[in-house]
Amino acid sequence: HEEQQPKSLDHLLAISYRSIGWGANLLLNVPPTTSGGLDPADVARVTEWADEWHRRLDAMTEAPMTPATTETTGPRWVIQLDGRPIDHLAIREDLTAGQQIFSHRILTADGQLVASGGTIGSLRIHAFPAIATHQLVIETDGGQLRSVRAGLTGIERREDLPVGFEAPTVAPES
């Protein structure tokens, strides 16, 4: 491990949006030193990452939502906001009956696309250019939403992964 450097903060944030932000776990795989402790550089980077990730999540507050499903639209919810700018939305699906949402769209009240994606599951986080609005509409292909949080983090898009980065994958032993 001595020859390796911790991943950059931007790299950790990029993989956070692509794991935690898509309802999965993020394994940081911080190895111990030869003496059994943790390398101070690793501890500093993980602390820096955790502080920034929590700053972004803590910037979001619960947003009231009202079901607005019709026979022609399918499942949809109107999200009430206070008109202040937001650049992040965290959506949670009600998983009581299992995962049932496999695609979703977030629209302004006048129908402009803000963000879209596949599953929601336990958590889906969207980052987008800041908008000031009093309402958003979330349309899904099924299921029920459990909660929506919205906020202004000052970060209008998720970080990009480093060029050429591929997560290492090791085949299990047979």
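What counts, and where the lines are drawn
Residues numbered from 1 in each chain as written. Predicted model: local features only at pLDDT ≥ 70, side-chain atom pairs only at ≥ 80, totals over all residues. Heavy atoms only, no water. Helix = DSSP H or I, 4+ residues; strand = E, 2+ residues; numbered from the N terminus. Phe/Tyr/Trp six-rings, centres within 6.5 Å; stacked < 30°, edge-to-face > 60°. Buried < 20%, exposed > 50% of the residue type's maximum accessible area, 1.4 Å probe, protein only. Contact = heavy atoms within 4.5 Å. Pairing = 2+ DSSP bridges. Axes fitted to C-alpha atoms, helices over the stretch in contact; angles between N-to-C directions. Parallel < 35°, antiparallel > 145°, perpendicular 65-115°, else oblique. Left-handed = near helix turned anticlockwise from the far one by under 90°.

Trainee: Which residues make up unusual backbone geometry, and what values go with them?
Mentor: Glycine aside, the phi torsion of most residues is negative, and most peptide linkages are trans. We note that asparagine 29 has phi near 50 degrees; this positive angle belongs to a residue other than glycine. On the secondary structure map, asparagine 29 appears in the loop between helix 1 (9-17) and helix 2 (40-58).

Trainee: Can you lay out the packing of aromatic side chains for me, pointing to particular residues and giving the numbers?
Mentor: Inspection of every chain in the model, using the stated rule, returns one aromatic pair. On the numbers, 5.1 Å between centres and 80 degrees between planes, the contact of tyrosine 17 with tryptophan 53 is edge-to-face. On the criterion of sequence distance, the pair formed by tyrosine 17 in helix 1 and tryptophan 53 in helix 2 is long-range, its members being 36 residues apart. Owing to a relative accessible area of 4%, tryptophan 53 belongs among the buried residues under this scheme.

Trainee: Can you lay out the environment of leucine 107 for me, pointing to particular residues and giving the numbers?
Mentor: Within the secondary structure, leucine 107 is located in strand 5 (residues 104-108). Assessed through its relative accessible area of 6%, leucine 107 is described here as buried. Residues leucine 107 and isoleucine 138, 31 residues apart in the sequence, show an inter-C-alpha distance of 6.4 Å. Residues within four places of leucine 107 in sequence aside, it is in contact with Gln112, Leu113, Val114, Leu136, Val137 and Glu139.

Trainee: Explain the sheet that holds strand 3 (residues 76-80) to me, using residue names and the numbers behind them.
Mentor: Pairing is antiparallel in the open sheet, where five strands are placed in the order 2-3-8-5-6. Two strands bound the open sheet, and with one partner strand each, they are strand 2 (65-67) and strand 6 (113-117). Across the sheet, the axes of successive neighbouring strands diverge by a mean angle of 20 degrees, strand direction being ignored. Where strand 5 meets strand 8 (residues 135-140), five bridges bridge the pair, whose relative direction is antiparallel. Bridged to arginine 105 within strand 8 is glutamate 139.

Trainee: Give me the environment of glycine 111: which residues, what numbers.
Mentor: For glycine 111, the location among the structural elements is in the loop between strand 5 and strand 6. According to the relative accessible area criterion, glycine 111 is partly exposed, its value standing at 46%. When the C-alpha atoms of glycine 111 and glutamine 4 are compared, they prove to be 48 Å apart, with 107 residues separating the residues in sequence.

Trainee: Break down the sheet that holds strand 4 (residues 85-93) for me, with residues and values.
Mentor: Taken in spatial order, the four strands line up as 1-9-4-7 in an open sheet, and their pairing is antiparallel. The open sheet has two free edges, formed respectively by strand 1 (60-62) and strand 7 (124-132), since each of these has just one partner strand. Here the strands of the sheet are splayed against their neighbours by 30 degrees on average, with no regard to which way each runs. Pairing of strand 1 with strand 9 (residues 145-151) involves three bridges; the strand directions are antiparallel. Each residue of the ladder has a partner; that of methionine 60, found in strand 9, is glycine 151. Its contacts with the sheet put helix 2 on strand 1, strand 7 and strand 9, and the angle it makes with strand 1 is roughly 40 degrees.

Trainee: Report on the packing of helix 1 against helix 2, specifying residues and quantitative values.
Mentor: Where helix 1 contacts helix 2, the axes come no closer than 10 Å and their chain directions differ by 50 degrees. Taken together, the axes of helix 1 and helix 2 lie oblique to each other. Of the two elements, helix 1 crosses helix 2, and the hand of that crossing is right-handed. Facing helix 1, whose interface residues are Leu9, Leu12, Leu13, Ser16 and Tyr17, helix 2 presents Arg45, Glu48, Trp49, Glu52, Trp53 and Arg56.

Trainee: Talk me through the pairing of strand 5; I want residue IDs and the actual numbers.
Mentor: Most of strand 5 sits inside the fold, with four of its five residues counted as buried. Between the antiparallel neighbours strand 5 and strand 6 lie four residues, among them glycine 111 with a positive phi of about 95 degrees.

Trainee: Can you lay out the pairing of strand 9 for me, pointing to particular residues and giving the numbers?
Mentor: For strand 9, a buried count of five out of seven residues is recorded, marking the element as mostly surrounded by other parts of the structure. Bridge count between strand 4 and strand 9: six bridges; the pairing is antiparallel. Note on strand 9: the bridge partner recorded for glutamate 93 is leucine 145.

Worth remembering: the numbers are spatial, not functional.
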